[in-house]
Amino acid sequence: MRRIAVTPRPNWQDEMARIGFDYHSIDGNYWQEDACYVFDERQIDIIEDATNELHQMYLQAVAHVIKTGDYAPLGIGDTAAGLIESSFRSQAVSLYGRFDLCFDGVNPPKLYEYNADTPTSLFEASVAQWYWLQAQHGSLAGADQFNSIHERLLVEFSALKNTINQDTLYLTAVSDSVEDFITTRYLQDVAVQAGLRTDYIDIGTIGHRASDGKFTDTQDNVIHHLFKLYPWEWLMNEAFGQYIAAAGTRFIEPAYKLLMSNKALLAVLWQLFPNHPNLLPASLNAADITGDVVKKPFFSREGANISLNCDGQNLATDGDYGSEGHIYQAFAPLPKFTNNQGQTVYTVLGSWIVGHGAAGLGIREDNTLITKDTSLFVPHALL
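Residues numbered from 1 in each chain as written. Predicted model: local features only at pLDDT ≥ 70, side-chain atom pairs only at ≥ 80, totals over all residues. Heavy atoms only, no water.

## Quick notes on the overall build of the protein
Turning to step 1, where the next piece is worked out: Helix and strand content of the protein: 11 helices and 20 strands.
Turning to step 2, where the next piece is worked out: Radius of gyration (C-alpha) of the protein: 21 Å, near the 21 Å computed for a compact globule of 383 residues.
Turning to step 3, where the next piece is worked out: Projected onto its principal axes, the C-alpha positions of the protein cover 65 × 50 × 35 Å.
Turning to step 4, where the next piece is worked out: Across the 383 residues that make up the protein, the buried fraction comes to 56%.
Turning to step 5, where the next piece is worked out: The contacts in the protein between residues at least 6 apart in sequence include a share of 70% that link residues at least 24 apart.
Turning to step 6, where the next piece is worked out: As presented, the protein carries roughly 16,200 Å² of accessible surface, and 47% of it is formed by carbon and sulfur atoms.
Turning to step 7, where the next piece is worked out: Of the charged side chains in the protein, 25 are positive and 46 negative, and the gap between their average positions amounts to 3 Å. (Helix = DSSP H or I, 4+ residues; strand = E, 2+ residues; numbered from the N terminus. Rg over C-alpha atoms; globule rule 2.2 N^0.38 Å. Buried < 20%, exposed > 50% of the residue type's maximum accessible area, 1.4 Å probe, protein only. Contact = heavy atoms within 4.5 Å. Areas by Shrake-Rupley, 256 points an atom, 1.4 Å probe, with all protein chains shown as cover. Lys, Arg positive; Asp, Glu negative; His and termini not counted. Charge placed at Lys NZ, Arg CZ, Asp CG, Glu CD.)

## Side note on the sheet that holds strand S2 (residues 35–39)
Turning to step 1, where the next piece is worked out: Strand order in the open sheet made by the 3 strands is S1-S2-S20, with mixed pairing throughout. Two strands lie at the open edges of the sheet, namely strand S1 (2–5) and strand S20 (380–382), each paired on one side alone. Mean inter-strand twist for the sheet, computed between neighbouring axes without regard to direction, equals 35°.
Turning to step 2, where the next piece is worked out: Direction of pairing for S2 relative to S20: parallel, over a ladder of 3 bridges. Its bridge partner being in S20, Phe39 is matched across the sheet by Leu382. (Pairing = 2+ DSSP bridges. Axes fitted to C-alpha atoms, helices over the stretch in contact; angles between N-to-C directions.)

## What to know about the environment of Val192
Turning to step 1, where the next piece is worked out: Tracing the chain through its elements places Val192 in helix H7 (residues 178–193).
Turning to step 2, where the next piece is worked out: Residue classification places Val192 among the partly exposed positions, given a relative accessible area of 44%.
Turning to step 3, where the next piece is worked out: When the C-alpha atoms of Val192 and Gln145 are compared, they prove to be 25 Å apart, with 47 residues separating the residues in sequence.

## Focus: the packing of helix H2 (residues 41–68) against helix H11 (residues 265–272)
Turning to step 1, where the next piece is worked out: It is the contact of H2 with H11, at a shortest axis distance of 10 Å, that shows an interaxial angle of 100°. Between H2 and H11, the angle falls in the class roughly perpendicular. Residues Met57, Tyr58, Gln60, Ala61, Val62, His64 and Val65 of H2 lie in contact with H11, whose contacting residues are Leu265, Leu266, Val268, Leu269 and Leu272.
Turning to step 2, where the next piece is worked out: Partitioning the contact of H2 with H11 into residue classes produces 10 nonpolar, 2 polar and no charged. (Parallel < 35°, antiparallel > 145°, perpendicular 65-115°, else oblique. Nonpolar A, V, L, I, M, F, W, Y, C, P; charged D, E, K, R; others polar.)

## Topic: H7
Turning to step 1, where the next piece is worked out: Look at H7: 22 Å from first C-alpha to last across 16 residues, which is about the 22 Å you get at 1.5 Å a residue.
Turning to step 2, where the next piece is worked out: For H7, the complete set of buried residues consists of Glu179, Asp180, Ile182, Thr183, Thr184, Tyr186, Leu187, Gln188, Val190 and Ala191.
Turning to step 3, where the next piece is worked out: In this fold, the buried residues of H7 make contact with strand S3 (96–102), helix H4 (122–134), helix H5 (149–159), strand S5 (168–173), strand S6 (197–202) and strand S9 (225–228).
Turning to step 4, where the next piece is worked out: Directly beyond the C-terminal end of H7, a positive phi value near 95° is found at Gly195. (Expected span 1.5 Å × (residues − 1).)

## Focus on the sheet that holds strand S15 (residues 326–330)
Turning to step 1, where the next piece is worked out: On the basis of which strands lie adjacent, the open sheet formed by 5 strands has the order S11-S15-S12-S13-S14 and antiparallel pairing. Each edge of the open sheet carries a strand with a single partner, namely strand S11 (282–283) and strand S14 (313–316).
Turning to step 2, where the next piece is worked out: Here S11 runs beside S15; their pairing, made up of 2 bridges, is antiparallel. Following the sheet pairing, Ser283 is matched in S15 by Tyr328.

## Regarding the pairing of S9
Turning to step 1, where the next piece is worked out: What you see with S9 is no split at all: His225 and Phe227 on one side and Leu226 and Lys228 on the other are buried throughout.
Turning to step 2, where the next piece is worked out: Inspection of the sheet shows S9 paired to strand S10 (residues 250–252) by 3 bridges, in the parallel sense. Across the sheet, the residue bridging to Leu226 is Phe251, located in S10.

## A closer look at the packing of aromatic side chains
Turning to step 1, where the next piece is worked out: One pass over the full model with this rule turns up 19 aromatic pairs.
Turning to step 2, where the next piece is worked out: A centroid spacing of 5.9 Å and a plane angle of 80° characterise the contact between Phe215 and Phe240, whose relative ring orientation is edge-to-face. Linking Phe215 in strand S8 (residues 214–216) with Phe240 in the loop between helix H8 (232–237) and helix H9 (244–247), this pair joins segments that are 25 residues apart in sequence.
Turning to step 3, where the next piece is worked out: Classification of Phe215 as buried rests on a relative accessible area of 5%.
Turning to step 4, where the next piece is worked out: Chaining the aromatic ring pairs together yields one cluster made of Phe21, Tyr23, Tyr30, Trp31, Phe123, Tyr186 and Phe377. (Phe/Tyr/Trp six-rings, centres within 6.5 Å; stacked < 30°, edge-to-face > 60°.)

## Some remarks on unusual backbone geometry
Turning to step 1, where the next piece is worked out: In this structure, the amide linkage connecting Ile252 to the following residue, Glu253, adopts the cis form with an omega of 5°.
Turning to step 2, where the next piece is worked out: Along the chain, Glu253 turns up in the loop between S10 and helix H10 (256–260).
Turning to step 3, where the next piece is worked out: The backbone phi angle of Ser121 is positive, close to 70°, even though this residue is not glycine.
Turning to step 4, where the next piece is worked out: Position of Ser121 relative to the elements: it lies in the loop between strand S4 (110–115) and H4.
Turning to step 5, where the next piece is worked out: On the accessibility criterion, Ser121 (4% relative accessible area) is buried.
Turning to step 6, where the next piece is worked out: In the Ramachandran plot, Asn165 falls in the positive-phi region, its phi being about 55° despite a non-glycine side chain.
Turning to step 7, where the next piece is worked out: As for its position among the elements, Asn165 is in the loop between helix H6 (161–164) and S5.

## Comments concerning the pattern of salt bridges
Turning to step 1, where the next piece is worked out: Counted by the stated rule, this structure contains 13 salt bridges.
Turning to step 2, where the next piece is worked out: The salt bridge involving Arg301 is made with Glu233; its shortest N-O contact spans 2.7 Å. One end of the pair, Arg301, is in the loop between strand S12 (293–297) and strand S13 (307–310); the other, Glu233, is in helix H8, and 68 residues separate them in sequence.
Turning to step 3, where the next piece is worked out: Under the relative-accessibility criterion, Arg301 is labelled partly exposed at 21%.
Turning to step 4, where the next piece is worked out: Residues joined by salt bridges that share partners form a network here, namely Glu113, Lys263 and Lys296. (Salt bridge = Lys/Arg side-chain N within 4 Å of Asp/Glu carboxyl O.)

Now the structure itself:
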């Protein structure tokens, strides 16, 4: 695993805009065109195997919580628990997710968390970095990439045709969020390629029809199938959350992803699979973790409200999360590299699941040990 300098395409901004990657320069320099990370086949095999195993472990952890009914310590109420159980037992469709892994190319990857409900950086991992790779010459000519995300999404959407038939798959997000909007529109495009009838609707315009309890679009058509790039915990805390169980809408991602995306489940994983090589010790009780520790809210996003104590130093981010409770996880430092400006950067791997199998890799880097919404995306190649 190496970080190498790459010559940027002279018109790369125009090329990215052409494929619909409109937020390539959000906050100034989100997409990194002047570097890439290089892996060999053995390293990719390690990442892929760890990702598949972790996903299966998460399924077992969800089954364990359902069996024990021990939701309260995880900050999950009765209504959400009912939705989790019904969606899990019916094997509701799960489209995708992203594991955040600490991996230096040598030691076993360590799980930081599972972005199982509303993972972003999908378009850049699936499409943008693939187009970047096709334009490379010189030392990267003929290089491959761990990236079957688009093809796997096509397979998963095609499998939905038997369920949806001639009905419409609605896709929703907060349209004012550029990244969420582009990600959702990309998934809509893949669904159309797979032969589905689709419609995009801003989540703020979804209605609830009191006469029969159904969710509806702006024309009062019933929404039977809905992909939502909007967190389950937010849905459950809003006024119409109380109507979800009776509405009959089939959600993608399903409600059991609320449990998978809950960082408190890291403690359950450690109880079920103690000393697993891909896990870090985790507990709801800070006293259970010896040495350096990371404190995370159950539902924080984009690195918000994370506090880190390592080598006697404290590092913390702000945000609006934490009232739901915290998980404590042993600290494992991200591998560090030197960027083209001579600065130290810390690198986290985003390993994608599509359906129930590993499908690709996206890489983020930051100048601190906490990966945030301002962290940069760097493409990768397999040599």
